[in-house]
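Coordinate inspection notes
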Amino acid sequence: LLRMHELRIQHGALYPKHIFVDREKSQINLIDFERSRTRYSASSAIYADLKQLFKRLGCMPSIVIEAIVEPYQAKYWDLIENIRALYLSESEAGG
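This write-up is about the structure you can find in this document. For clarity, every value in this text was computed on a predicted model and none was experimentally measured.

**Things to note about the layout of surface pockets**
As a volume, the largest pocket reaches approximately 310 Å³. Residue lining of the largest pocket: Leu1, Leu2, Arg3, Met4, Ile28, Asn29, Leu30, Phe33, Ala67, Ile68, Pro71 and Tyr72, and that is the complete set. If you list the elements that add at least two residues to the lining of the largest pocket, you get α1 (2-6), β3 (27-30) and α3 (62-69). Of the residues belonging to the lining of the largest pocket, the class tally is ten nonpolar, one polar and one charged. Its volume calculated, the second largest pocket comes out at about 200 Å³. Forming the walls of the second largest pocket are Val21, Asp22, Arg23, Ser26, Gln27, Ile28, Ile63, Val64 and Ala67. When residues of the lining of the second largest pocket are traced back to their parent elements, those giving at least two are β2 (19-22), β3 and α3.

**With respect to the pattern of salt bridges**
In total, this model carries three salt bridges according to the counting rule given. Among the ionic pairs, Lys75 bridges to Glu6, the shortest N-O distance being 3.4 Å. Residue Lys75 is located in helix α4 (residues 73-92), and its partner Glu6 is located in helix α1; the two are separated by 69 residues in the primary sequence. A relative accessible area of 36% means that Glu6 is categorised as partly exposed. The partner of Glu66 in a salt bridge is Arg84, and the shortest N-O contact between them spans 3.4 Å. Residue Glu66 is located in helix α3, and its partner Arg84 is located in helix α4; the two are separated by 18 residues in the primary sequence. One continuous salt-bridge network, built from bridges that share partners, spans Glu66, Glu81 and Arg84.

**So, the pairing of β2**
Here β2 runs beside β3; their pairing, made up of four bridges, is antiparallel. Bridged to Asp22 within β3 is Gln27. Linking two consecutive strands that pair antiparallel, namely β2 and β3, is a turn of four residues; a positive phi of about 55 degrees is found at Ser26 within it.

Rules behind the numbers
The residue numbers shown here count from 1 along each chain, following its written sequence. Reporting in this predicted model follows two pLDDT cut-offs: at least 70 for local features of residues, and 80 or more for side-chain atom pairs to be given and counted; totals over whole chains, interfaces and linings ignore these cut-offs and use all residues. Excluding hydrogens and water, the side-chain figures rest on all heavy atoms present in the structure. Only protein atoms enter the 1 Å grid, on which a cavity is a set of points fitting a 1.4 Å probe that cannot get out and a pocket is an open set with protein on both sides within 12 Å along at least 5 of 7 lines, lining residues being those with an atom within 4 Å of a point. Grid points are joined across faces, edges and corners, and a volume is the space filled by probe spheres set on the points. Note on conventions: DSSP H or I runs of at least 4 residues are helices, E runs of at least 2 residues are strands, and numbering of each starts at the N terminus. Any residue outside Ala, Val, Leu, Ile, Met, Phe, Trp, Tyr, Cys, Pro, Asp, Glu, Lys and Arg is labelled polar, Gly included; the first ten of those are nonpolar and the last four are charged. Salt bridges are counted wherever a side-chain nitrogen of Lys or Arg sits within 4 Å of a carboxyl oxygen of Asp or Glu. The cut-offs for exposure are 20% and 50% of the maximum accessible area for each residue type, with area from a 1.4 Å probe on protein chains only; residues under the lower value are buried, those over the upper are exposed, and the others partly exposed. When DSSP finds two or more bridges between a pair of strands, those strands are recorded as paired.

As structure tokens, then:
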């Protein structure tokens with residue numbers, strides 16, 4: 001996912017039902033790329049996809065969430081924290 005984002009490609013439908021975890025291979029696989037598109041920057045692709053995902057995290061185990069977010073921490077830490085803060089403020093407000 002990070003490699004895709006660094007190429008400025010947004011998945012466009014990054015929902016939990018489109019993420020498959022292979023625990024034996026320690027891989028995360030994505031499906032449903034019909035809405036994918038090229039964005040202006042890697043940051044805009046990351047922001048759009050991860051904001052969409054964070055809104056729907058209720059059914060995902062925290063270990064999967066961290067596996068998705070961890071590769072972003074070194075280079076995009078501020079962006080990830082902004083998305084987390086936005087998600088938390090929306091869910092606390094009921095939105």
